[in-house]
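Here is how the chains run, residue by residue.
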Amino acid sequence: MTRRREKAAAPVGTRRAAREFAFRVLFEADRGNLPMQSVFTRAEGSMRSGDDTYPALSDEALAFAQELVQGIGSARPDVDATLRRTIRGWSFDQMAQTDLNVLRLATFEMMYTPEPHPPVIESAVRIARKFGGDDSGRFVNGVLAGLSRSLNEKAAPTPAREEPQE
């Protein structure tokens with residue numbers, strides 16, 4: 001067996017690979033109007049059976065992908081509302097579904113997990129470049145950078161004002 005095949009056969013344990021797996025599940029569920037959990041279960045089965053459509057994930061990476069899929073499933077209305085407030089000049093109907101689903105996944109992670117924003121944004125941009133159009137990476141980066149600034153401003157405590165003494 002060649003080194004390339006050995007490397008390809010080994011389970012991938014990166015969070016980026018787990019995010020890509022979760023993105024693909026989200027995209028397929030959204031496009032097919034299917035329940036996300038059933039799409040996840042089918043994708044996991046395909047992955048475990050050796051179907052090279054999905055990279056083989058380690059148990060830890062698969063658990064992280066499952067967290068993302070379940071989280072976006074329960075938080076989607078809030079995530080979509082946040083994206084609608086953040087994205088200027090585009091409606092969800094006008095956007096490429098690839099870009100929208102990458103944004104949903106990253107927005108969920110930025111809002112509901114302790115993961116630092118820069119690696120989330122970097123992974124989202126890479127997924128957008130891989131699966132989206134020519135400008136997808138730039139678009140996703142711009143939206144998520146603005147969202148990150150907005151979330152950081154909300155999280156930063158405002159300094160207490162001193163009351164004037166009489």
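Residues numbered from 1 in each chain as written. Predicted model: local features only at pLDDT ≥ 70, side-chain atom pairs only at ≥ 80, totals over all residues. Heavy atoms only, no water.

1. As for the pattern of salt bridges
At step 1: Across all of its chains, the model carries 15 salt bridges by this definition.
At step 2: Between Glu 115 and Arg 15 there is a salt bridge; the shortest N-O distance is 3.2 Å. Remark: Arg 15 occurs in helix α2 (residues 15-32) and Glu 115 occurs in the loop between α5 (97-112) and α6 (117-131); sequence separation between them is 100 residues.
At step 3: Residue classification places Glu 115 among the buried positions, given a relative accessible area of 17%.
At step 4: Of the residues examined, Arg 15 reaches a relative accessible area of 37% and is grouped as partly exposed.
At step 5: Arg 48 is paired through a salt bridge with Glu 44; the nearest N and O atoms lie 3.0 Å apart. Of this pair, Arg 48 and Glu 44 both sit in helix α3 (residues 36-48), separated by 4 residues, roughly a single helical turn.
At step 6: If you follow the salt bridges from partner to partner, you end up with Arg 15, Arg 19, Glu 109 and Glu 115 in one network. (Salt bridge = Lys/Arg side-chain N within 4 Å of Asp/Glu carboxyl O. Helix = DSSP H or I, 4+ residues; strand = E, 2+ residues; numbered from the N terminus. Buried < 20%, exposed > 50% of the residue type's maximum accessible area, 1.4 Å probe, protein only.)

2. Here's the deal with the packing of α2 against α6
At step 1: Interaxial distance between α2 and α6 falls to 10 Å at its minimum, and their mutual angle equals 55 degrees. Viewed along their axes, α2 and α6 adopt a mutual orientation that is oblique. The crossing of α2 and α6 is right-handed. Across the interface between the two elements, Arg 16, Arg 19, Glu 20, Phe 23 and Arg 24 from α2 touch Pro 119, Val 120, Glu 122, Ser 123, Arg 126, Ile 127, Lys 130 and Phe 131 from α6.
At step 2: In terms of residue class, the contact of α2 with α6 is built from 5 nonpolar, 1 polar and 7 charged. (Axes fitted to C-alpha atoms, helices over the stretch in contact; angles between N-to-C directions. Parallel < 35°, antiparallel > 145°, perpendicular 65-115°, else oblique. Left-handed = near helix turned anticlockwise from the far one by under 90°. Contact = heavy atoms within 4.5 Å. Nonpolar A, V, L, I, M, F, W, Y, C, P; charged D, E, K, R; others polar.)

3. Notes on the environment of Asn 101
At step 1: Relative to the helices and strands, Asn 101 is located in helix α5.
At step 2: Owing to a relative accessible area of 0%, Asn 101 belongs among the buried residues under this scheme.
At step 3: In the structure, Asn 101 is positioned 23 residues away from Ala 124 in sequence and 9.8 Å away in space, judged by C-alpha atoms.
At step 4: Apart from the residues within four sequence positions on either side, Asn 101 is in contact with Phe 23, Leu 26, Phe 27 and Asp 30.

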